[in-house]
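Report on the structure
These are the residues of each chain, in order.
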Number of protein chains: 2
Amino acid sequence: METISENRAFGGVQGVYRHQSQVCGCDMTFGLYLPPQAEAGPVPLLWYLSGLTCTHENAMVKAGAQDYAARRGLALCFPDTSPRGDGVADDEAYDLGQGAGFYVDATETPWSPHFKMWSYVGDELPRILDANFAIDPERQAITGHSMGGHGALTLAMANPGRFASVSGFAPISHPSASDWGRKQLTAYLGADETNWGRHDATLQMRAVGLDAPLLIDQGGSDQFLNLLKPEALVEAMATRRQPNTFRMQKGYDHSYFFVASFMADHVAFHADALGLR
Amino acid sequence: METISENRAFGGVQGVYRHQSQVCGCDMTFGLYLPPQAEAGPVPLLWYLSGLTCTHENAMVKAGAQDYAARRGLALCFPDTSPRGDGVADDEAYDLGQGAGFYVDATETPWSPHFKMWSYVGDELPRILDANFAIDPERQAITGHSMGGHGALTLAMANPGRFASVSGFAPISHPSASDWGRKQLTAYLGADETNWGRHDATLQMRAVGLDAPLLIDQGGSDQFLNLLKPEALVEAMATRRQPNTFRMQKGYDHSYFFVASFMADHVAFHADALGLR
């Protein structure tokens, strides 16, 4: 594993690392923030999954999470949103291919050789962090923005017991019924929708629900509300009596200003669930 | 004046605006954060002057100041670092021309027609904010990073009584004795160093000092320490018995992670000086 950069931040270290991914078959880059408490021993970890067009870097520099994480002793991991590189398939559209992995394991041509973000974020990268950093693998939580909120919700529902808490910022909530979803799931997984189920938060909420505390913030002036479809997810949660807090935040849009505005609440929510003081 | 964007953030509004600058003779873009308290009436303003290569945007999205400003009811202005545009002189180097205005009024060819950042930040832009936004022009403070720290210190010392408080993140502290300074002051102001004086914080500290509370943070592992020359400024401050707090922060570099790490302290320092609760 190669260290790209390490910057002291809020008493801890914001690192960027590159490694060869077995499942993605290419080099992958991620950001990892270790709070000052990690010097004394393993600390809990909050995953932050990013949205369309993002790399590991966007949230790492714009979401403002390190301040709050340092206060509570929480590590933060910022994975990339897709495999990348010259040998990796891509598409001209911003919402397919590199930068748009959608947190699935692709089965279809030309995506299947590298687009394995489900296995990468859910399995390979956690093991790499556990082996190389002062992370406590038994204490993890997950959040994400937009496509990353979709990833957080679907990974959490497919892995009961894995995450102490789950949250989302404006998640893509019902991709199999949205242009942010149908196109990508068809491309990556094929046209047979029976293979899509675990990758749709609303369908998974109806089918299995979530065994962890859940917080979702959604901007009320989000320019992508018609693509995100929060109404489908909240209906499914209410019908299931799923414990959750869903907040429609008046006037906020889809930007990182929205994410940053509520990051303190999300970090506190996860830190509480992880038993941090 | 044209509104480029407005995003709700921390209960207030992060705006980006463009206007025709009389002194710079071109369109200029700036960021302005208005906290929620601005809805009830004019609020105090903290200027944040950015460093080499930056636009209005870098600190606005990476320094994390809005959270702290919103809690105290402080507006934030993020000016650009130079005039820009096709008709504006430039240089191949990152540290001269566009993105490197050095907060001076250029007198030399080819810079003098547009490079008037001293007058722009010190005079024109304050009047524009006063005329268009819920800002209290009688309650202002100033900070900046690197070249912007240089700008903040020199503007404050040249305008006694203007700023209730002054701070800096790794300021260029003695430009007339540094490669970050001699090159630019020569280009913009000419080779006669007697014209440089008010644009060197160390020289101004020796000559006139500062009539406001002063806080400076400097990363102890800053890769540019030899160019910043904090030792000259602290020597001048101590010799003068200038009231100040200077903190050499162990392990921190020159990046925005350093700036963000201490932003809460700086905003609190200015808010206290401005009488905000």
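Right, let's walk through the structure included here.

Thresholds applied
Residues numbered from 1 in each chain as written. Chains lettered and ligands numbered in written order. Predicted model: local features only at pLDDT ≥ 70, side-chain atom pairs only at ≥ 80, totals over all residues. Heavy atoms only, no water. Helix = DSSP H or I, 4+ residues; strand = E, 2+ residues; numbered from the N terminus. Contact = heavy atoms within 4.5 Å. Buried area = accessible area lost by both parts, 1.4 Å probe. Salt bridge = Lys/Arg side-chain N within 4 Å of Asp/Glu carboxyl O. Buried < 20%, exposed > 50% of the residue type's maximum accessible area, 1.4 Å probe, protein only. Pairing = 2+ DSSP bridges. Least-squares fit on C-alpha atoms with pLDDT ≥ 70 in both. Axes fitted to C-alpha atoms, helices over the stretch in contact; angles between N-to-C directions. Parallel < 35°, antiparallel > 145°, perpendicular 65-115°, else oblique. Left-handed = near helix turned anticlockwise from the far one by under 90°. Phe/Tyr/Trp six-rings, centres within 6.5 Å; stacked < 30°, edge-to-face > 60°.

Here we take up the environment of D200 of chain A. All names here are of chain A. Its location among the elements puts D200 in the loop between helix 5 (182–189) and helix 6 (201–207). Sequence-wise, D200 and V267 are 67 residues apart; in three dimensions their C-alpha atoms are separated by 25 Å. Those residues in contact with D200, other than ones at most four positions away along the chain, are T154, S173, H174, P175, S176 and A177.

Tallying the contact residues gives 23 residues for chain B and 23 residues for chain A. Summed over both partners, the interface of chain B with chain A comes to about 1,800 Å²; 56% of that surface belongs to carbon and sulfur atoms. Considering only the surface of chain B that becomes buried against chain A, R8, F10 and F257 of chain B emerge as the three largest contributors, covering 36% of it. At the boundary of chain B and chain A, one finds zero salt bridges.

Looking now at the pairing of strand 8 (residues 214–219) of chain B. Residue and element names in this part refer to chain B. Among the six residues of strand 8, six are classified as buried, and the element is accordingly described as predominantly covered. Burial along strand 8 is two-sided: L214, I216 and Q218 and L215, D217 and G219, pointing in opposite directions, are all buried. Of the pairings in the sheet, the one linking strand 7 (residues 166–169) to strand 8 comprises four bridges and is parallel in character. Bridge pairing in strand 8 places F169 opposite D217. Sheet topology places strand 8 next to strand 9 (residues 245–249); five bridges connect them, and they run parallel. Within strand 9, the residue paired with Q218 across the bridge is M248.

With that out of the way, let us pick up the relation of the copies chain B and chain A. Of the transformation placing chain B onto chain A, the axial shift is 0.0 Å and the rotation is 180°, giving an RMSD of 0.0 Å. Such values leave the two copies arranged in the relation of a two-fold axis. Scanning chain B for the C-alpha nearest the rotation axis identifies K62 of chain B, at a separation of 2.5 Å.

Glancing now at helix 2 (residues 65–72) of chain B. Summarising burial for helix 2 of chain B: seven of the eight residues are buried, a large majority. Listed in full, the buried residues belonging to helix 2 of chain B are A65, Q66, D67, Y68, A69, A70 and R72 of chain B.

All names here are of chain B. Two numbers describe how helix 2 lies on helix 9 (residues 256–273): the axes approach to 9 Å, and their chain directions differ by 25°. One element, helix 2, and the other, helix 9, form an angle in the roughly parallel class. Relative to helix 9, helix 2 is oriented so that their crossing is right-handed. Counted together, A65, Y68, A69 and R72 of helix 2 and A260, M263, A264, V267, A268, A271 and D272 of helix 9 form the full contact between these two elements.

Let's shift gears to the packing of aromatic side chains. Given two aromatic rings, their pairing is described by the distance between the two centres and the angle made by the two planes. Residue and element names in this part refer to chain A. Per the stated rule, a full pass over the model turns up 26 aromatic pairs over all chains. Measuring from ring centre to ring centre gives 4.7 Å for W180 and F224, while their planes differ by 40°; the resulting arrangement is tilted. Placement of the pair is W180 in the loop between strand 7 (166–169) and helix 5 and F224 in the loop between strand 8 (214–219) and helix 7 (225–228), with a sequence separation of 44 residues. Here W180 falls in the buried class, since its relative accessible area comes to 4%.

Residue and element names in this part refer to chain B. Relative to the elements of secondary structure, L189 occurs in helix 5 (residues 182–189). On the accessibility criterion, L189 (8% relative accessible area) is buried. Considered as a pair, L189 and F246 are 57 residues apart in the sequence and their alpha carbons are 30 Å apart.

With that settled, consider the pattern of salt bridges. All names here are of chain B. Evaluation of the coordinates by the stated rule reveals 20 salt bridges over all chains. Residue E2 is joined to R18 by a salt bridge in which the shortest nitrogen-to-oxygen separation is 3.3 Å. Taken as a pair, E2 in strand 1 (residues 2–9) and R18 in strand 2 (residues 12–21) lie far apart in primary sequence, 16 residues in all. The exposure class assigned to E2 is partly exposed, which follows from its relative accessible area of 41%. For R18, a relative accessible area of 31% puts it in the partly exposed group.

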